[in-house]
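Notes for the structure review
Next come the chains, spelled out residue by residue.
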Amino acid sequence: MSIKEIAESRVIDLGDSVLRQLKGLGDFTNFTLKTIFWTFKPPFRLKLLFEQMYFMGNKSVFIIFLTSIFTGAVFAFQIYLGFKAINADSFIGPIVTIALAKELAPVLSGLVVAGRCGAAMAAQIGSMKVTEQIDALEVMGINSYQYLAVPRILGAMLSMPLLSGIFLLIGYWGSWLIGVKVIQIDEMMYTQKIGEFMNLGMVAEGIIKATVFGYLIGIIGTYQGFNVTGGAEGVGKGTNMAVVWGMITVLVVDFFLTSFLAKIL
Amino acid sequence: MSEKYSVEFRNLVKVFGDSVILDNLNFGIHRGKITTILGFSGAGKTTLMKHILGLVMPTEGEVIVLDQVINHLGELELREFRRNFGMVFQYAALFDFLTSYENVAFPLREFTKMNEDEIREKVMGLLESVGISPQAAKRLPSELSGGMRKRVGLARGLALDPHIMLYDEPTSGLDPITTHTVYDLMRDTHRRNEHRGFTSIIISHDIHATLKYSDYIVFMEKGKVVEHLDVETFKKSENPVIRRFLEL
């Protein structure tokens, strides 16, 4: 094969790849618009929404509990190790709480939910797709986006702030255990300092982020499920993509959201 | 409403990319009869069925179902219109998170104002008519055999008293005895509802069962209708493609 032919082949491959990415982007946009349209169209399926909230919220609580208590405790301990050298260990409380409220609670809850619920959404919808259950819904005249995607997306949007709130409270408790009970910082000082440095804007930032992450995890998980092709292998691939893209999206969007919210809050 | 046909195709063409999947089809499916659409794999049978349901739209031509040109209907009208159909899928496509009973009750809960007592009465009647016991009604699809799943799928398809029943390869994956049991059930269902112009459309490549249970046969090859005949005339067809199929 000549150099010219190799170069031509590379250009063709690149073109194919770009076209595939553009098609994927178009499909995702189309899916997003459809789910938004069907969110506001009756019937409003509140029972399905509560079922999804129960699944995502209640069943993620234990793993959120474990993640948050150790995150709060370890973070408090690390700050103590750094700050005691400059006699600033009384600042452990506000630093941990602010970090939890603005970043750690929404982001780590997002990663947990993307791993647990994003994967479950893709697997459930994907297996329904390959066994023609989605076709069965459509033939009955039921919109599959409205029946399957909308409750999951809204469920994730509503569950995420609650899980993030739980993360914040338990994480604070973990840091309090280390700060007050282990390191023996005065309890009054520990909590008073939090009151001095924290404000409602910081809590709002966490809630906004958690809601946005919930939406992104929901839309990515359901999109991957609806786009499953083939059999069991396709379901596995879709599930994997839901987790990978869910986690990457949470981390990337967090950066831009932080920059944006810093200007308005 | 057309007395003769439940479904009509007029100059129907479907093209996917460079491939012509359906090539200028012009025929009607007789009202109140069992019609089987027969053909080799890739003949365009499933695409044709999706046109009847309005899941795929024609590139050219019209699909007329119960006197409605369905490719002229909007999205919401089409969803409403699909309640005229019942469908049994190749592998039943029962909702795996619901029991047999709940699968059959599903369309009734979605589309009727029946209370739970009325739904129970209707569902148990439908399940009994397809030979599903009250014990099996409580089971999930994963706990049922292939034949039982097809029966529950048939009961679900009949729940809203459809005008047209579609069967997509209804016996694929079943043993010969169960295949004939399922066909008997389909024929009995048809006969019970015949008085109201109930039309059964079967997509199949099972030639022997087709000859035994159908009133009409549409034979397709490469997106075209080779023959559309009543079953007795079909058996005598001299068309070489059909002869080859009959001799399998």
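Relevant structure appears above.
Before going into details, it helps to say that this report is about the structure given with it. These numbers were taken from a predicted model, which means no experiment stands behind them.

Considering the overall build of chain A
If you tally the helices and strands in chain A, you get 9 helices and 0 strands. Element order for chain A, N to C, with α for helix and β for strand: α-α-α-α-α-α-α-α-α. Within chain A, the proportion of its 265 residues that are buried is 46%. A separation of at least 24 residues holds for 85% of the contacts in chain A among residues at least 6 apart in sequence. Carbon and sulfur atoms form 71% of the exposed surface of chain A, whose accessible area is close to 13400 Å².

Side note on the environment of Asn199(A)
Residues and elements named next belong to chain A. Within the secondary structure layout, Asn-199 lies in the loop between helix H7 (187-197) and helix H8 (200-226). For the pair formed by Asn-199 and Ile-98, sequence separation is 101 residues and the distance between their alpha carbons is 9.0 Å. Within the structure, the side chain of Asn-199 is placed 3.0 Å from the backbone nitrogen of Gly-201, a separation counted as a polar contact. A polar contact of 3.1 Å, which involves the side chain of Asn-199, links it to the backbone nitrogen of Met-202.

Here's the deal with the pattern of salt bridges
Inspection of every chain in the model, using the stated rule, returns 19 salt bridges over all chains. The shortest N-O distance in the salt bridge between Glu103(A) and Lys209(A) comes to 2.4 Å. One end of the pair, Glu103(A), is in helix H4 (residues 92-130); the other, Lys209(A), is in helix H8, with 106 residues separating them in the sequence. The exposure class of Glu103(A) is partly exposed, given its relative accessible area of 24%. Across the pair Glu138(A) and Arg79(B) runs a salt bridge whose closest N-O atoms are separated by 2.9 Å. Taken together, the positions of Glu138(A) in helix H5 (residues 133-139) and Arg79(B) in helix H2 (residues 75-81) put the pair across two chains. We classify Glu138(A) as buried; its relative accessible area is 12%. A cluster of three or more residues bridged by salt bridges with shared partners is formed by Lys102(A), Glu103(A), Glu205(A), Lys209(A) and Asp254(A).

Examining the nonpolar core
Counting residues in each nonpolar core, the largest one holds 54 residues, and the members touching the most others are Phe9(B), Leu48(B), Ile52(B), Val65(B) and Leu166(B). Looking at which element gives the most residues to this core, the answer is helix H6 (residues 144-182) of chain A, with 6 residues. Among all residues touching Ile52(B), those that are not within four sequence positions of it are Val7(B), Phe9(B), Ile29(B), Val63(B), Val65(B), Ile70(B), Phe85(B), Leu166(B) and Ile201(B).

Focus: the environment of Glu121(B)
Structurally, Glu121(B) is set in helix H4 (residues 116-129). Residue Glu121(B) is classed as exposed on the basis of its relative accessible area, which comes to 65%.

Some words on the packing of helix H3 (residues 100-111) of chain B against helix H6 (residues 146-158) of chain B
A packed helix pair is summarised by two numbers, namely the angle formed by the two axes and the spacing between the axes. Residue and element names in this part refer to chain B. It is the contact of H3 with H6, at a shortest axis distance of 7 Å, that shows an interaxial angle of 25°. Between H3 and H6, the angle falls in the class roughly parallel. Considering only the axes of H3 and H6, their crossing is right-handed. Residues Ser-100, Asn-103, Val-104 and Pro-107 of H3 touch H6, and the partners they reach there are Val-152, Ala-155 and Arg-156. Per-class residue counts for the contact of H3 with H6 are 4 nonpolar, 2 polar and 1 charged.

Side note on the side chain of His30(B)
With respect to the secondary-structure elements, His30(B) resides in strand S2 (residues 19-30). If we ignore the near neighbours within four places in the chain, the residues touching His30(B) are Lys4(B), Tyr5(B), Ser6(B), Thr35(B), Thr199(B), Tyr216(B) and His228(B).

Structural notes on the pairing of strand S7 (residues 164-168) of chain B
All names here are of chain B. In terms of residue burial, S7 counts as a mostly covered element, since 5 of its 5 residues are buried. The alternating pattern of S7 places Ile-164, Leu-166 and Asp-168 and Met-165 and Tyr-167 on opposite faces, both of which are buried. As paired elements, strand S6 (residues 85-88) and S7 share 4 bridges and run parallel to each other. Each residue of the ladder has a partner; that of Gly-86, found in S7, is Met-165. Alignment of S7 against strand S8 (residues 199-204), held across 5 bridges, turns out to be parallel. Residue pairing for S8: Tyr-167 is matched across the bridge by Ile-202. With helix H7 (residues 176-193) bridging S7 and its parallel neighbour S8, the resulting β-α-β unit is right-handed.

Cut-offs applied
- Residues numbered from 1 in each chain as written.
- Chains lettered and ligands numbered in written order.
- Predicted model: local features only at pLDDT ≥ 70, side-chain atom pairs only at ≥ 80, totals over all residues.
- Heavy atoms only, no water.
- Helix = DSSP H or I, 4+ residues; strand = E, 2+ residues; numbered from the N terminus.
- Buried < 20%, exposed > 50% of the residue type's maximum accessible area, 1.4 Å probe, protein only.
- Contact = heavy atoms within 4.5 Å.
- Areas by Shrake-Rupley, 256 points an atom, 1.4 Å probe, with all protein chains shown as cover.
- Polar contact = N/O pair within 3.5 Å; in protein donor to acceptor, adjacent residues only side chain to side chain.
- Salt bridge = Lys/Arg side-chain N within 4 Å of Asp/Glu carboxyl O.
- Core = buried A, V, L, I, M, F, W, Y, C linked by side-chain atoms within 4.5 Å.
- Axes fitted to C-alpha atoms, helices over the stretch in contact; angles between N-to-C directions.
- Parallel < 35°, antiparallel > 145°, perpendicular 65-115°, else oblique.
- Left-handed = near helix turned anticlockwise from the far one by under 90°.
- Nonpolar A, V, L, I, M, F, W, Y, C, P; charged D, E, K, R; others polar.
- Pairing = 2+ DSSP bridges.
- Right-handed = clockwise from strand over helix to strand, strands pointing away.

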